[in-house]
Amino acid sequence: MTDQKTITDSEYKSLNDIRLRKAQLLTDLTKDSNKIADLWNQLMHKPKNNNTPTQRFSGLINTGAGVLDGLILGWKLYRKFGGIKTSRSSDKKKFGLFHKRNK
C-alpha cells in the first residue's frame, strides 16, 4: 500500500471517518489496479514497431526467403516420399531439368 497514515479499526469515531477511510482505500485500489494493468500490458502486448522503410523491406525479403525455402523443402519431400516415381532405367538418361519424367 502507500505510505499514508491509515486509520485502524479502533480509531473510527464517526461515520465520516469511515467514509474517509473508504475513499482512501478506493483511491489506493484504483492506483494499484492501474499499475497492474500497465505492467500486464507491457508484459503481454508487443509494442508497435516504428521501423524504417529499409528495415521493413529487409524483413519482407527475409520472410519471402523463408517462404521460398519452405516451398522448396515441401517440393523435395513430396518428390521423395509421395510424388512422381521414377524407374532406375530412366535415371541413366541424360540429365534435364525440364524433361518429362516417366512414371
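Residues numbered from 1 in each chain as written. Predicted model: local features only at pLDDT ≥ 70, side-chain atom pairs only at ≥ 80, totals over all residues. Heavy atoms only, no water.

Okay, the overall build of the protein chain next. When you go through the protein chain residue by residue, the secondary structure sums to three helices and zero strands. For the protein chain, the α and β elements follow one another from N to C terminus as α-α-α. When each of the 103 residues of the protein chain is scored for burial, the buried share is 6%. With an accessible surface of roughly 10100 Å², the protein chain has 60% of that area assigned to carbon and sulfur atoms. (Helix = DSSP H or I, 4+ residues; strand = E, 2+ residues; numbered from the N terminus. Buried < 20%, exposed > 50% of the residue type's maximum accessible area, 1.4 Å probe, protein only. Areas by Shrake-Rupley, 256 points an atom, 1.4 Å probe, with all protein chains shown as cover.)

Attention shifts here to helix α1 (residues 15–44). For α1, which comprises 30 residues, the first-to-last C-alpha distance of 43 Å matches the rise-based estimate of 44 Å (1.5 Å per residue) to within 8%. Turning to α1, its buried residues are Asp17, Arg21, Gln24 and Asp28. (Expected span 1.5 Å × (residues − 1).)

Once that is clear, we can look at a nonpolar patch on the surface. Taken together, the side chains of Trp40, Leu43 and Met44 define a hydrophobic patch exposed on the protein surface, amounting to about 370 Å² of accessible area. Relative to the helices and strands, Trp40 resides in helix α1. (Patch = residues over 30% accessible without salt bridge, like charges linked within 9 Å, V, L, I, M, F, W, Y side chains within 5 Å. Salt bridge = Lys/Arg side-chain N within 4 Å of Asp/Glu carboxyl O.)

The next point concerns the confidence of the model for the protein chain. Considering every residue of the protein chain, the mean pLDDT works out to 81; 70% of them sit at 70 or more. Least confident of the elements in the protein chain is helix α3 (residues 88–91), whose mean pLDDT is 53; most confident is α1, at 94. (pLDDT = per-residue confidence, 0-100.)

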